[in-house]
Amino acid sequence: MIEFQLDTASGVATYLQLVQQVRHALQLGILEPGDRLPTAQQVVAKLAINPNTVLKAYRDLEREGLVRPRPGQGTFIVGTLPRSDPAVQERFLASMTTWLRKAHAAGLGPDDIEAIYRTAVRNSFAEGVEGVA
Amino acid sequence: MNAVIETNDLGKQYGRKWALRDCTLSIPEGKVVGLVGPNGAGKTTLLSLAVGLLTPTRGSITVLAGRPGDGPAQLEKVGFVAQDTPAYAGLSVGKHLLMGAYLNANWDQELAERRIDQLGLDLRQKAGSLSGGQRAQLALTMAIAKQPELLLLDEPLASLDPLARREFLQGLMEIVASHGVSVVLSSHLIADLERVCDYLVLLVASHIRLAGEITALLATHHRLSGPRRDPRSLPSSQEVIEQSHTGKQSTFLVRTDQPILDPAWTVRPVTLDELVLAYMGQAHSPSPGRRSPLGVVS
């Protein structure tokens, strides 16, 4: 079963963090159709968040067709997300690492790099590049 | 949706000083409400009025469709944990539960014992020898074992260390998830409550400054920054909550339900923390409101 984590400093809404973690687990194959998500009570007992936040996240996932509640049993994964090819991921990780080393050598600090990354993501998102949301 | 707490022009006066004034509020059921404000803002007064420990000087308050403190049936519906989570020092944990069972018609002894067990408390231990966190958990256990519809908690986290705070909130949220109880908890720190609350009531200087669903509050407030501007040049749909100006730049925190169209602005969402601080700060500034003159803050 998936175990949720919260990053309180990220500024990302809590329910969205839960949604993203389920999506991410699906992409990585950690969650598969038939798997059960923790109940709202289990999640709040661990994270000390409002149960409505968990329910909102699960409703969002349901709307996307990724999960379905079964009364009295819990919420189950029913959908899949395309898993990206590990070889492709590795290739991009390698080129990103090279890029970061170059940026560092050119005198850019982590803040500069993050700003560049965010701008790039925002620009490509505006152009309609998929998968960077 | 029914209101758990409804007040109309509620006020409480001590001598010449108003502890709470002009308070009109309607809190829907099923919420976890953060009652936030600086010390002395009137949070305890409002909670005490809701329990029936105080009576209003003026106006009215209705709690779960009844008058606070009005007979046993009304008292059964409300669980209250006062500031500093009091317990009887000389009584053991077990005796506390026994007392709860005697005094409350709907007492759930199994729930109480299960929680005490989960917390690792010994039924024979005297409450006076418990740590602050343990005592808070005992008080919370007492308040929820009576199975109220509404739980009122006055500064339950104030004297707890970070770990005890988290454990307290975990226990509280578990009860909200399993029993669907409505909760109002007060704190002078919004950061304590941010993860658990979905409704905010902000009290400043005896007055309600802000009340509403947190998602709606966050969606209608924005931080604008851009070239220096006079606040009077902003559209009338944008209420200025906070502003600061440097030689070339202006930053505003505005409230609006309209989209922000002006391309000169960089628009940023606000955090709950920023929002609360802005409204608190507004109460101190000599001329609040959107029509105040352009002041320079370097």
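Values in this document were obtained by computation on a predicted structure and should not be read as measured data. Sequence positions are assigned chain by chain, starting from 1 and proceeding in written order. A letter from A marks each chain and a number from 1 marks each ligand, given out in the order of writing. Local features in this predicted model are restricted to residues whose pLDDT is 70 or higher, and side-chain atom pairs enter the listing and the counts only when it is 80 or higher, whereas totals over whole chains, interfaces and linings include all residues.

**Quick notes on the overall build of chain B**
- Helix numbering and strand numbering both begin at the N terminus, where a helix is a DSSP run of H or I of at least 4 residues and a strand a DSSP run of E of at least 2. Scanning chain B from N- to C-terminus turns up nine helices and 13 strands.
- Along the first, second and third principal axes, the C-alpha set of chain B runs to 70 × 40 × 35 Å.
- Buried, partly exposed and exposed are defined by the number of other C-beta atoms within 10 Å of a residue's own C-beta, namely 20 or more, between the two limits, and 12 or fewer respectively, with C-beta atoms placed from the backbone. When each of the 298 residues of chain B is scored for burial, the buried share is 41%.

**Overview of unusual backbone geometry**
- Here the phi dihedral of Ala48 of chain A falls at roughly 55°; this positive angle occurs in a residue that is not glycine.
- Looking at the secondary structure, you find Ala48 of chain A in the loop between α2 (40-47) and α3 (51-63).
- Note on Ala48 of chain A: 20 C-beta atoms within 10 Å, which makes it buried.
- A positive phi angle, close to 65°, is found at Ala65 of chain B, a residue other than glycine.
- Along the chain, Ala65 of chain B turns up in the loop between β4 (58-63) and α2 (71-77).
- The class of Ala65 of chain B is exposed, set by 11 C-beta atoms lying within 10 Å.

**As for the domain arrangement of chain A**
- Each assigned domain of chain A is listed here: domain 1 (14-77) and domain 2 (86-126).
- Placing the centre of domain 1 of chain A and that of domain 2 of chain A at their C-alpha centroids yields a distance of 31 Å. An automatic or database domain assignment supplies the start and end points of every domain.

**Brief notes about the interface of chain B and chain A**
- Each partner contributes to the interface: chain B provides 14 residues, whereas chain A provides eleven residues.
- For this scheme, ten residues count as nonpolar: Ala, Val, Leu, Ile, Met, Phe, Trp, Tyr, Cys and Pro. Four count as charged, namely Asp, Glu, Lys and Arg, and the remainder, Gly too, count as polar. Of the residues contributing to the side of chain B that touches chain A, the split by class is seven nonpolar, three polar and four charged. Contact between two residues is assigned when their C-beta atoms, built from the backbone, lie within 7 Å.

**Re the sheet that holds strand β12 (residues 249-255) of chain B**
Residue and element names in this part refer to chain B.
- In this scheme, strands are said to pair when DSSP sees at least two bridges between them. Across the sheet, four strands lie side by side as β11-β12-β10-β13; this open sheet has antiparallel pairing. Pairing within the sheet leaves two strands with one partner each, and these edge strands are β11 (239-245) and β13 (266-269). Taking the axes of each pair of neighbouring strands and ignoring which way they run, one obtains an average angle of 20° across the sheet.
- In this sheet, β12 lies alongside β11 in antiparallel orientation, the contact comprising six bridges. Residue His245 lies in a different strand from β12, and its bridge partner there is Ser250. For helices, the fitted axis covers only the stretch in contact; all axes are lines through C-alpha atoms, and the angles between them, taken along N-to-C directions, range from 0 to 180 degrees.

**Some points on the pairing of strand β2 (residues 17-28) of chain B**
All names here are of chain B.
- Across eight bridges, the pairing between strand β1 (residues 3-14) and β2 is antiparallel. Along β2, the bridge assignment pairs Ala3 with Pro28.
- With antiparallel pairing between neighbouring strands as the criterion, β1 and β2 make up a hairpin whose turn holds two residues, including Gly15 at a positive phi of roughly 60°.

**Describing the pairing of β12 of chain B**
Residue and element names in this part refer to chain B.
- With seven bridges joining them, strand β10 (residues 221-227) and β12 adopt antiparallel strand pairing. The partner of Leu224 across the bridge, within β12, is Phe252.
- Counting the residues that bridge the hairpin from β11 to β12 gives three residues.

**Focus on the domain arrangement of chain B**
All names here are of chain B.
- By domain assignment, chain B separates into domain 1 (3-215) and domain 2 (220-284).
- Look at where the C-alpha atoms of domain 1 and domain 2 centre, and you get two points 34 Å apart.
- Elements with a contribution of two residues or more to the side of domain 1 that touches domain 2: α7 (190-193), β8 (199-204) and β9 (207-213).
- The residue inventory of the side of domain 1 that touches domain 2, partitioned by class, reads nine nonpolar, no polar and two charged.

**So, the sheet that holds β9 of chain B**
Residues and elements named next belong to chain B.
- Spatially, the six strands line up as an open sheet ordered β5-β6-β7-β3-β8-β9, and their pairing is mixed. Two strands bound the open sheet, and with one partner strand each, they are β5 (78-81) and β9. Pairwise comparison of adjacent strand axes, ignoring direction, gives a mean angle of 15° for this sheet.
- Packing against the sheet, helix α1 (residues 43-51) makes contact with β3 (32-36), β5, β6 (150-153), β7 (182-187) and β8, and its axis sits at approximately 145° to β6.

**Overview of the environment of Arg23 of chain A**
- Within the element layout of this structure, Arg23 of chain A appears in helix α1 (residues 14-28).
- The spacing of Arg23 of chain A and Ile116 of chain A is 93 residues in sequence and 26 Å in space, taken between C-alpha atoms.

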